[in-house]
Amino acid sequence: DAKTTQPTSMDCAEGRAANLPCNHSTISGNEYVYWYRQIHSQGPQYIIHGLKNNETNEMASLIITEDRKSSTLILPHATLRDTAVYYCIVRVGDAGGTSYGKLTFGQGTILTVHP
Amino acid sequence: ETGVTQTPRHLVMGMTNKKSLKCEQHLGHNAMYWYKQSAKKPLELMFVYSLEERVENNSVPSRFSPECPNSSHLFLHLHTLQPEDSALYLCASSQDSQGRHGAFFGQGTRLTVV
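Parameters and conventions
Residues numbered from 1 in each chain as written. Chains lettered and ligands numbered in written order. Predicted model: local features only at pLDDT ≥ 70, side-chain atom pairs only at ≥ 80, totals over all residues. Heavy atoms only, no water. Helix = DSSP H or I, 4+ residues; strand = E, 2+ residues; numbered from the N terminus. Buried < 20%, exposed > 50% of the residue type's maximum accessible area, 1.4 Å probe, protein only. Polar contact = N/O pair within 3.5 Å; in protein donor to acceptor, adjacent residues only side chain to side chain. Contact = heavy atoms within 4.5 Å.

Chemist: Explain the side chain of Thr109 of chain A to me, please; I cannot follow it from the model alone.
Modeler: Residues and elements named next belong to chain A. For Thr109, the position within the fold is in strand E9 (residues 109-114). The class for Thr109 is buried, based on a relative accessible area of 0%. Only 3.5 Å separates the side chain of Thr109 from the side chain of Gln6, close enough to count as a polar contact. One polar contact links the side chain of Thr109 to the main-chain carbonyl oxygen of Pro7, over a distance of 2.6 Å. Not counting residues within four places of it along the chain, the set of residues in contact with Thr109 comprises Gln6, Pro7, Thr8, Ser9, Met10, Leu20, Ala84, Val85 and Tyr86.

Chemist: I would appreciate a short explanation of unusual backbone geometry in the present structure.
Modeler: Glycine aside, residues mostly have negative phi angles, and peptide bonds mostly take the trans form. All names here are of chain B. Omega for the bond connecting Thr7 with Pro8 falls within 30 degrees of zero, at -10°, which places this linkage in the cis form. Examined against the element boundaries, Pro8 turns out to sit in the loop between strand E1 (4-7) and strand E2 (10-13). At Lys40, a residue that is not glycine, the phi angle is positive and equals roughly 65°. When you line up the elements, Lys40 lands in the loop between strand E4 (31-37) and strand E5 (44-50). A positive phi angle is found at Thr80, which is not glycine, with a value near 45°. Residue placement: Thr80 occurs in the loop between strand E8 (73-79) and strand E9 (87-94). Its relative accessible area of 43% is what places Thr80 among the partly exposed residues.

This is the structure in structure tokens:
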């Protein structure tokens, strides 16, 4: 699975949009971009994933560049409860693969939302 | 609430004890996983089960023994652990064995080996 690079930490004011970048310059054509977050001492929470089109759900939006070498997770109106470690993971998502859904976590970005 | 339940939430055990961690999901998922998260380290995949069959074992020591009796339950049996095995143990499940729709994690068991 391709390696990802994320900033170590970011700050965001409550109510503002939080834009978390991720670089994955070695991504392959069949690899998806997944985002998870982990609030302190809890299990990781799935946020969103995408292949090449931008995606949006009730939690966030995912913007993937046209060359797919980077992406941005957007939390449109950050709240204090969004303070967490955010993980960007790139992995094969096609049927018939042998990755069996395993996720390789890096260090992630510590997002701190302040009042 | 993710639909994946782990018990117990906290466990303290001696190095000579035998204990088991339990994970349960009623999401209809076909794949289940054990991850380990040590302090200041990224999550590490330990085991993968697909349709109750172990499909991956990431060089985990034999003192950790997984069991998947059915697609809804996953256990991690522990025996003669070391203090360095103290960590947060996380269970996850995914809809299919490829995890294309994301994996859902439990709250974890905080294990302390004394």
